[in-house]
Amino acid sequence: MEDDALLRKLEESTKDVARHQAETLHSILQHQRGVRYLQRYLADVEDRNGPIDAATFRRSVPLSCYDDYADFINQLANGDDCSDDRDPNHLLSVDPLVCFFYSSGTSSLKPKLIPYFDSALSKAASYIAHQGSAAVIRRDFPPRPEVNKRLAFIYADSITTTKGGFKVMAASSFPLHSSSNANRSLYMSLTSPVEVILGSNVEHQMYCHLLCGLRNSDFVDAIHAPYAIGLIKAFRVLESKWEQLCEDIEKGFPSLEINDVRMRDSVVEVLGGAQPDLSNRIRLLFEENDWGGILHKLWPNARYIRCVTTGTMKQYYSKLKYYAGEVPLLGGDYFASECCVALNLDIKQPPDLTRFVMLPTAAYFEFLPFGSTENVGGEETVDICGVEVGKMYEVIVTTYRGFYRYRLGDIVRVVDFYNSSPLLEFVMRAPKTSYEMVTERDLMAAMESFQLVLKNIMGIEIEVVEFTSFFDFDSSLKRLKIFIEVEDCDMILQDKLKESVVLLRKCCSALEDGLGSIYKVQKDKGEIHPLSLSIVKSGSFDRLQKVAIENGAPASQYKAPKIIRNRDIINVMEEYILVTIA
């Protein structure tokens, strides 16, 4: 489909969302009505062969979360589902199971498994969403035949296999393992060879992505990663290893640390022999020791940088803007592992102004009202036509691929309408329980205030590299523990440890004051201890990522958790504490 036709189809779908949503739900239920999960709730519907309307569906089928599907998913993964074309009792979908996707959440060590069924209906909806997103990019940045490469920090991740023989991978990795013509075209547009993307060591892959990107510096049209954190990590490698990168380009051979033979040989081919002139040109830029706008200097023809910068990724935006200089930083879309949700049609807006247009043909959507003061909603949802501007909701989806009235775990705010489709602002991940006293949004806002106070009190610019939190319920009184890693933290604390601790203790009150009304009420009642703030060693969060990847988290979708709910992860963090201020 041509871009103009795609954009027209997207535009048309936003004009009569009530009809599109009714048709979407009808298609899903007509196709999946007989699956075992739904039969538990729909067996008593009087007309077993007639269509089920939205009111009956919502009255009969309860809201669900991942735990409600876990037994069925485990059965599928283990190959225990013996259903075939003759057996109507499929567990979650009548379509064949292809593989599983890992969820991108990282608040626990083991990611969730999201089943991926071979659904023609879902493929059609996903095609419109993904190709529509690409058409928006091409509308704003028409292709240039002479400058047509993308420096993409993507990783196919290692594929595991379930007991039942099904492959497990990141959703973003699925296209990278395909042998389709579209996939071959994708690889041809990238600066890195396929062997780098399919590698097994993320640090080495990241280095090789940079090396290949620098070798093709004049032909790079765009720089891309799924999430802002992926670019931040890559550019920190650029800062720390630029001398080695220049040396490798000069010699035409990657560092001996790259021990994957196929990856190393493929990079040697990209380098095309010794490149002393290019190496000298790049080295002069690095030796200026000015990282502001370095991306524009290194890749002068790059027209944009794209990644998700909303939600917890917002914290990296200012640093990315610093690196980018004149190169525009574009936002991503609102896609989940379970389904596509909404498109970003105005991609040049910063995170605070990023809005997503709902895709009424991607899934059947409901919205659970969310109260910011109680951190919990009721059980009564509204449909896509019932949302109100200014209110927050948790997104509920019924998908083509086996999830029914499923709580996606995202809190959004409706800010306006695009034609008749809601225009959303992503707010945060939903609290897991009603008694969580701090939300992601509370923590992000508190850390912004903390960094300003830190700068004023310490008298020097201190960059918080990363942070996370954990509510400790083990003691008689609950306590919030916050872990932060700051740039050059080892040096600061070693040089002036006592002075630093005194000053940081003053900053803690500012941090607590920003943690939201629920936390403040509980603290004033004396039901929780004052928070503890731990400074961890440089590289601690990189080690946390490594542990997560070793336990199955996809490198391409990794996001440092802001609220940790798993004691094992905290045990990892506590190994790297330099000092704790309580």
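Please read all numbers here as calculations on a predicted model, not as lab measurements.

### Considerations on the nonpolar core
Membership of the largest hydrophobic core comes to 69 residues, with the highest contact counts inside it found for Phe-153, Ile-223, Leu-231, Phe-235, Phe-286, Leu-298 and Trp-299. Considering every element that reaches this core, the biggest residue donor is helix α10 (residues 228-251), with 12 residues. Each residue touching Phe-235, except ones within four places of it in the same chain, is listed here: Phe-153, Ile-223, Leu-295, Leu-320 and Tyr-323.

### Looking at helix α18 (residues 517-524)
For α18, every residue scored as buried is listed here: Ile-518, Tyr-519 and Gln-522. Along the long axis of α18, the arc covered by the buried residues comes to 100°, so they all point the same way. Residues of α18 that are exposed and angled more than 90 degrees away from the buried face: Lys-520 and Asp-524. Positioned one or two residues after α18, Gly-526 has a phi angle of 80°, which is positive.

### Examining the environment of Gly-311
Following the sequence through the fold, Gly-311 ends up in the loop between β7 (304-308) and α14 (317-324). With relative accessibility at 17%, the residue Gly-311 sits in the buried group. Note: C-alpha distance between Gly-311 and Gln-545 (234 residues apart in sequence) is 19 Å. Leaving out residues up to four positions away in the same chain, Gly-311 has contacts with Phe-426 and Met-444.

### Describing the packing of aromatic side chains
The full count for this structure, using the stated rule, is 19 aromatic pairs. When the ring centre of Tyr-576 is taken as reference, the NZ or CZ atom of Arg-543 above it lies at 4.8 Å. The cationic tip of Lys-562 hangs over the ring face of Phe-467; the distance from NZ or CZ to the ring centre is 4.9 Å.

### So, the sheet that holds strand β19 (residues 532-536)
An order of β20-β17-β18-β19-β21 is seen for the five strands of this open sheet, with the pairing classed as mixed. Sheet topology places β20 (563-564) and β21 (577-581) at the edges, where each strand pairs with a single neighbour. Bridge count for strand β17 (residues 464-472) against β20 is two bridges, and the pairing is parallel. By the bridge assignment, Ser-469 is partnered in β20 with Ile-563.

### Focus: the layout of surface pockets
What the second largest pocket holds in volume is close to 1200 Å³. What lines the second largest pocket is a set of 49 residues, among which Glu-203, Lys-233, Val-237, Asp-542 and Gln-545 lie closest to the centre. Taken together, the elements giving at least two residues each to the lining of the second largest pocket come down to β5 (167-170), α9 (202-215), α10, α14, β17, β18 (479-486) and α19 (540-550). Ranked by the residues each element gives to the lining of the second largest pocket, the list is headed by α10, at eight residues. Residue composition of the lining of the second largest pocket, grouped by class: 18 nonpolar, 14 polar and 17 charged.

### Points about the sheet that holds strand β8 (residues 329-330)
Read from one edge to the other, the open sheet built from four strands follows the order β3-β6-β7-β8, with strand pairing classed as parallel. A single partner strand is all that each edge strand has here, and the edge strands are β3 (149-152) and β8. Note: strand β6 (residues 220-227) against β7, four bridges, orientation parallel. Along β7, the bridge assignment pairs Ala-222 with Tyr-304.

### Notes on the pattern of salt bridges
Taken as a whole, this structure holds 30 salt bridges when the rule is applied. Close ionic contact of Asp-16 with Arg-19 constitutes a salt bridge, the shortest N to O distance being 3.1 Å. Here Asp-16 falls in the partly exposed class, since its relative accessible area comes to 32%. In this structure, the salt-bridge partner of Lys-523 is Glu-512, at a minimum N-O distance of 3.8 Å. One end of the pair, Lys-523, is in helix α18; the other, Glu-512, is in helix α17 (residues 497-513), with 11 residues separating them in the sequence. When its relative accessible area of 31% is taken as the criterion, Lys-523 is described as partly exposed. The class for Glu-512 is buried, based on a relative accessible area of 14%.

About the criteria used
- Residues numbered from 1 in each chain as written.
- Predicted model: local features only at pLDDT ≥ 70, side-chain atom pairs only at ≥ 80, totals over all residues.
- Heavy atoms only, no water.
- Core = buried A, V, L, I, M, F, W, Y, C linked by side-chain atoms within 4.5 Å.
- Buried < 20%, exposed > 50% of the residue type's maximum accessible area, 1.4 Å probe, protein only.
- Helix = DSSP H or I, 4+ residues; strand = E, 2+ residues; numbered from the N terminus.
- Contact = heavy atoms within 4.5 Å.
- Arc of directions from axis to C-beta.
- Phe/Tyr/Trp six-rings, centres within 6.5 Å; stacked < 30°, edge-to-face > 60°.
- Lys NZ or Arg CZ within 6 Å of the ring centre and 35° of its normal.
- Pairing = 2+ DSSP bridges.
- 1 Å grid on protein atoms, 1.4 Å probe; cavity = no way out; pocket = protein on both sides within 12 Å on 5 of 7 lines; lining within 4 Å.
- Points joined across faces, edges and corners; volume = space filled by probe spheres on them.
- Nonpolar A, V, L, I, M, F, W, Y, C, P; charged D, E, K, R; others polar.
- Salt bridge = Lys/Arg side-chain N within 4 Å of Asp/Glu carboxyl O.

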